[in-house]
Amino acid sequence: MKNWQEFEAGAVLFPFEKQGQEELGKHNNERTYTTNSSFTASVANWRVEKPVHNKEVCINCFNCWVYCPDASILSREGKMSGIDYEHCKGCGVCVDVCPTNPKSLLMFDNLESEQEALAKWPQKAEGLKKKSYRTEGGYNGF
Amino acid sequence: MASSYHLNGVEAWDGCTASAHALRQAQVDVVAAYPITPSTPIIQNYGSFKDNGYIDGEFVLVESEHAAMSACVGAAAAGGRVSTATSSQGFALMVEVLYQASGMRLPIVLNVANRALASPLNIHCDHSDMYLGRDSGWISLCTCNPQEVYDFTLMAFKLAEHTGVRVPVMVHQDGFLSSHTVQNVRPLADHVAYKFVGDYVGVHPMLDFDKPVSYGAQAEEEWHFEHKAKLHHAIMESSAVLEEIFNDFAKLTGRQYNILETFNMEDAEVAIFALGTTWESAIVAAKKAREKGIKAGVVTTHLLRPFPFVALGEVFKKTKAVAIMDKSSPSGAMGALFNEVAASLYQVQGSRHPVLSNYIYGLGGRDLTQTDLDRIFEDLSQDAQKGALTHPTQQFIGLNGPELSYF
Ligand code: SF4
Ligand code: SF4
């Protein structure tokens, strides 16, 4: 543990040792973060339910990416590519705002495997009018 | 490029004009402000300087004082020289963010035109707002007249930004009594003033993209204590830096300031200790008291934080009776200055432990008259002769109605 003289004044943290510009040009999983950064430190240990992504249904609208309060929706090459489970708190906002029928994100028990979850995915609900996810909260699947 | 402003050798300025010119000359990068009486003319003058081409920096009008200080924190973390001004309720609204600024060690300069705190609503001077910021982790400089407001505002940037300090600084002036009282002020030419303040040196600016930095991290019981200790240490060490700055300033202007200013203290048996404009009023009274044979002196401090604990203990070591004046409601205690001066006197080696008394005065701008001050010197003279209190320890003076006193 550091003593009071060893801390940087102002309680500032530096995510990169050097060449910050260069690091910022890379995708975050390719960057070399210092331990000051919480990129590799899990801050999600208390999550009870997790969102699971089904790429077969997803239309890559990025509503979930916009609304996630923890920047835990991953994207690559213009496509939603999954969830960052080290930082996702399981709030379910992404599921709520997903507009597809059935939803492309659904909440499952934290211990359930992705495979099991995908096998349980609901079918498209027939006779459901296209409703705005904003006003109706979308279709909840279960 | 901002135009330089033609100034005369002697200008007739009030305290607000003096601080506005000092901010202009320091070439502040960002001023974010929400004007409030009596600090308003600082911002108003600054705004006209900006619109008339005398300022290159950004001037942000925000929706509250909380927002003003928040914008200052953001701009200072980004890496700019930053300043604002406020008073009273506005200061109170800033308080939460004052702690952010000091914790992040952002060298912001805040001019405070001191004013009472409501309720009842009051626009006039007392030191309630100054006292409210006492523990916020800022260095607090006190001034007694518009010349000092100008000089200390320039010096405040140098002190705050010093690489060994990096602590935000408040410059206090008495609302109306200094902020709106026109006096002769001897300013420096623009380029001389700027050269004295110097170019801003950034420490971990957020706009340095090669070294990205996070400000405002959380630190719980494992680390919070260490950061606060480090801040306290930096504040405590800053008085030595201020003394260097005083000396540099004296070389430039001939105006030599000291952390403690004393009047006739060499042989004083009784003394008044007070802040702000009361310093000059007390000098007038002390001169009269001397004519009556009372060996009277006066002491003020330019530094409320860090509190000049040792120096104050020394200056009153041989005094027989000291009146400590508090211009803020103590609300259930002795006045804050009384407590701090008493502690320094109790600790100092070889103290004769003078008789101490506490005068609460001038709340909400109530005039402190020369008659009041004469009476205090009379009280002190009695105390000194008897070697003990001849009246209660704490007295409210200038109050309508029956005497109010304690202990
Ligand atoms: S559950 Fe909440 S935190 Fe997790 S990805 Fe969805 S919106 Fe983000
Ligand atoms: S909101 Fe749903 S459909 Fe849109 S990108 Fe996210 S998961 Fe895919």
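Everything that follows concerns the structure shown earlier in this document.
Please read all numbers here as calculations on a predicted model, not as lab measurements.

Asker: Now, about the overall build of chain B: what can you tell me, with residues and values included?
Answerer: Looking only at helices and strands, chain B has 12 helices and 16 strands in total. Since a compact globule built from 407 residues should have a radius of gyration of about 22 Å, the 21 Å found for chain B is in line with a globular shape. Taken along its principal axes, the extent of the C-alpha atoms in chain B is 70 × 55 × 45 Å. Taken over 407 residues, chain B has a buried fraction of 57%. Considering only contacts within chain B whose residues lie at least 6 apart along the sequence, 79% involve residues at least 24 apart. Treating the 29 positive side-chain charges of chain B as one cloud and the 44 negative ones as another, the clouds have centres 6 Å apart.

Asker: With reference to specific residues and values, describe the site of ligand 1.
Answerer: Looking at ligand 1, the residues that line it are P51, C68, P69, S72, I73, C88, K89, G90, C91, G92, V93 and C94 of chain A. For the shell around ligand 1, the class distribution of residues is eight nonpolar, three polar and one charged.

Asker: Explain the sheet that holds strand β14 (residues 355-360) of chain B to me, using residue names and the numbers behind them.
Answerer: Hydrogen bonds along the backbone pair up the strands of a sheet, which may run parallel or antiparallel. All names here are of chain B. Taken together, seven strands build an open sheet; the order of strands is β9-β11-β10-β13-β14-β15-β16 and the sheet is mixed. Only two strands of the sheet have a single neighbouring strand rather than two, namely β9 (260-263) and β16 (405-406). Pairing between β14 and strand β15 (residues 394-396): three bridges, direction parallel. The residue bridging I360 from the neighbouring strand is F396, located in β15. Contacts between helix α12 (residues 370-386) and the sheet are confined to β10 (270-273), β11 (296-301), β13 (321-326), β14 and β15, with β10 contributing the most and set at about 135° to the helix.

Asker: Account for the site of ligand 2, naming residues and giving values.
Answerer: The environment of ligand 2 is made up of 14 residues, and the closest members are C58, C61, F62, C64 and C98 of chain A. Residues that form the shell around ligand 2 fall into these classes: nine nonpolar, five polar and no charged.

Asker: Quick rundown of unusual backbone geometry? Include the residues and the values.
Answerer: All names here are of chain B. Residue P120 is reached from S119 by a cis peptide bond, and omega for that bond is 0°. Relative to the elements of secondary structure, P120 occurs in the loop between β5 (109-114) and α5 (128-132). Geometrically, the link from R305 to P306 is a cis peptide bond, its omega value of -5° lying close to zero. Unusually for a residue other than glycine, R105 sits at a positive phi of about 55°. R105 gets classed as buried once you look at its relative accessible area, which sits at 9%. Positive phi, normally seen in glycine, also occurs at F407, with a value near 60°. Residue position: F407 is located in the segment after β16. The class of F407 is exposed, set by a relative accessible area of 73%.

Asker: Tell me what's going on with the environment of K292 of chain B, and back it up with residues and numbers.
Answerer: Residues and elements named next belong to chain B. Assignment of secondary structure puts K292 in the loop between α9 (278-291) and β11. When neighbours within four sequence positions are excluded, K292 is seen to be in contact with D374 and E378. A distance of 3.2 Å separates a polar atom in the side chain of K292 from a polar atom in the side chain of E378.

Asker: Please give an account of the packing of α9 of chain B against α12 of chain B that cites residues and values.
Answerer: Residue and element names in this part refer to chain B. Taken N-terminus to C-terminus, the directions of α9 and α12 make an angle of 55°; their axes are 9 Å apart at the nearest point. As summarised for this structure, α9 and α12 are arranged oblique, according to the angle between their axes. Considering how the two elements wind past one another, α9 and α12 form a crossing that is right-handed. Taken together, the residues of α12 that come into contact with α9 (itself represented by S281, A282, V284, A285, A286, K288 and A289) are Q370, L373, D374 and F377.

Asker: Account for helix α4 (residues 88-103) of chain B, with residues named and values stated.
Answerer: Because an α-helix packs 3.6 residues into every turn, residues spaced three or four apart end up facing the same way. All names here are of chain B. For α4, spanning 16 residues, the distance from its first C-alpha to its last is 22 Å, which sits close to the expected 22 Å at 1.5 Å a residue. Within α4, burial applies to S88, G90, F91, M94, V95, V97, L98, A101 and S102. Buried residues in α4 make contact with α3 (65-78), β4 (82-86), β5, α5, β7 (169-174) and α8 (224-253).

Asker: So, the packing of aromatic side chains: which residues are in play, and what are the values?
Answerer: Residues and elements named next belong to chain B. A complete count under the given rule lists 16 aromatic pairs over all chains for this structure. Between the aromatic rings of F273 and F316, the centroid separation amounts to 6.2 Å while the plane-to-plane angle is 85°, which identifies the pairing as edge-to-face. Here F273 is found in strand β10, whereas its partner F316 is found in the loop between α10 (309-315) and β13, with 43 residues between them in sequence. Using a relative accessible area of 0% as the deciding quantity, one classes F316 as buried. Joined through ring pairs, the aromatic side chains of F152, F196, F246, F249 and Y257 make up one cluster. Here the guanidinium or amino end of K158 rests over the ring plane of F196, the centre of that ring lying 5.0 Å away.

Asker: Describe the interface of chain A and chain B, listing the residues and the values that go with them.
Answerer: Each side of the interface is counted separately: chain A has 19 residues, and chain B has 19 residues. Here chain A packs against chain B, burying approximately 1,800 Å² in sum over the two surfaces, 68% of which is carbon and sulfur. Among the residues chain A hides against chain B, the three largest losses belong to W4, F7 and F14 of chain A. Together they make up 33% of the total. Taken together, chain A and chain B are joined by zero salt bridges. One can count six residue pairs in polar contact (both at pLDDT 80 or more) joining chain A with chain B.

Asker: So what's going on with a nonpolar patch on the surface? Residues and values would help.
Answerer: Residue and element names in this part refer to chain A. A surface patch of nonpolar side chains, about 320 Å² in accessible area, is lined by W65, V66 and Y67. Secondary-structure assignment places Y67 in helix α2 (residues 63-67). Its relative accessible area of 32% is what places Y67 among the partly exposed residues.

Asker: Describe the sheet that holds strand β12 (residues 303-305) of chain B, listing the residues and the values that go with them.
Answerer: Residues and elements named next belong to chain B. Judged by pairing direction, the sheet is mixed, and its seven strands sit side by side in the order β3-β2-β4-β5-β7-β6-β12 without closing on themselves. Edge strands, defined here as strands with exactly one partner in the open sheet, are β3 (58-61) and β12. Put simply, the sheet's adjacent strands are angled 20° from each other on average, direction ignored. Bridge count for strand β6 (residues 139-142) against β12 is two bridges, and the pairing is antiparallel. Bridging from a neighbouring strand, L141 pairs with L303 of β12. The strands touched by helix α2 (residues 40-51) within the sheet are β2 (30-33), β3, β4, β5 and β7, with β3 carrying the most contacts at an inclination of about 130°.

Asker: So what's going on with the nonpolar core? Which residues, and what values?
Answerer: Residues and elements named next belong to chain B. Core analysis: the largest hydrophobic core is formed by 49 residues, its most contacted members being I139, L141, Y150, M155 and L159. Elements with a contribution of two residues or more to this core: α1 (15-25), β2, α2, β6, α6 (146-161), β7, α7 (190-197) and α8. With nine residues, the single largest contributor to this core is α6. If we skip the residues at most four places from it in the chain, I139 touches L159, V165, V167, P168, V169, M170, I235, S238, L303, R305 and P306. In terms of nonpolar packing, the next biggest core, distinct from the first, is built from 29 residues, V82, A101, V112 and W138 among them.

Conventions and cut-offs
Residues numbered from 1 in each chain as written. Chains lettered and ligands numbered in written order. Predicted model: local features only at pLDDT ≥ 70, side-chain atom pairs only at ≥ 80, totals over all residues. Heavy atoms only, no water. Helix = DSSP H or I, 4+ residues; strand = E, 2+ residues; numbered from the N terminus. Rg over C-alpha atoms; globule rule 2.2 N^0.38 Å. Buried < 20%, exposed > 50% of the residue type's maximum accessible area, 1.4 Å probe, protein only. Contact = heavy atoms within 4.5 Å. Lys, Arg positive; Asp, Glu negative; His and termini not counted. Charge placed at Lys NZ, Arg CZ, Asp CG, Glu CD. Near = heavy atom within 4 Å. Nonpolar A, V, L, I, M, F, W, Y, C, P; charged D, E, K, R; others polar. Pairing = 2+ DSSP bridges. Axes fitted to C-alpha atoms, helices over the stretch in contact; angles between N-to-C directions. Polar contact = N/O pair within 3.5 Å; in protein donor to acceptor, adjacent residues only side chain to side chain. Parallel < 35°, antiparallel > 145°, perpendicular 65-115°, else oblique. Left-handed = near helix turned anticlockwise from the far one by under 90°. Expected span 1.5 Å × (residues − 1). Phe/Tyr/Trp six-rings, centres within 6.5 Å; stacked < 30°, edge-to-face > 60°. Lys NZ or Arg CZ within 6 Å of the ring centre and 35° of its normal. Buried area = accessible area lost by both parts, 1.4 Å probe. Salt bridge = Lys/Arg side-chain N within 4 Å of Asp/Glu carboxyl O. Patch = residues over 30% accessible without salt bridge, like charges linked within 9 Å, V, L, I, M, F, W, Y side chains within 5 Å. Areas by Shrake-Rupley, 256 points an atom, 1.4 Å probe, with all protein chains shown as cover. Core = buried A, V, L, I, M, F, W, Y, C linked by side-chain atoms within 4.5 Å.

From the geometry alone we can't say anything about function, so treat these as descriptive.
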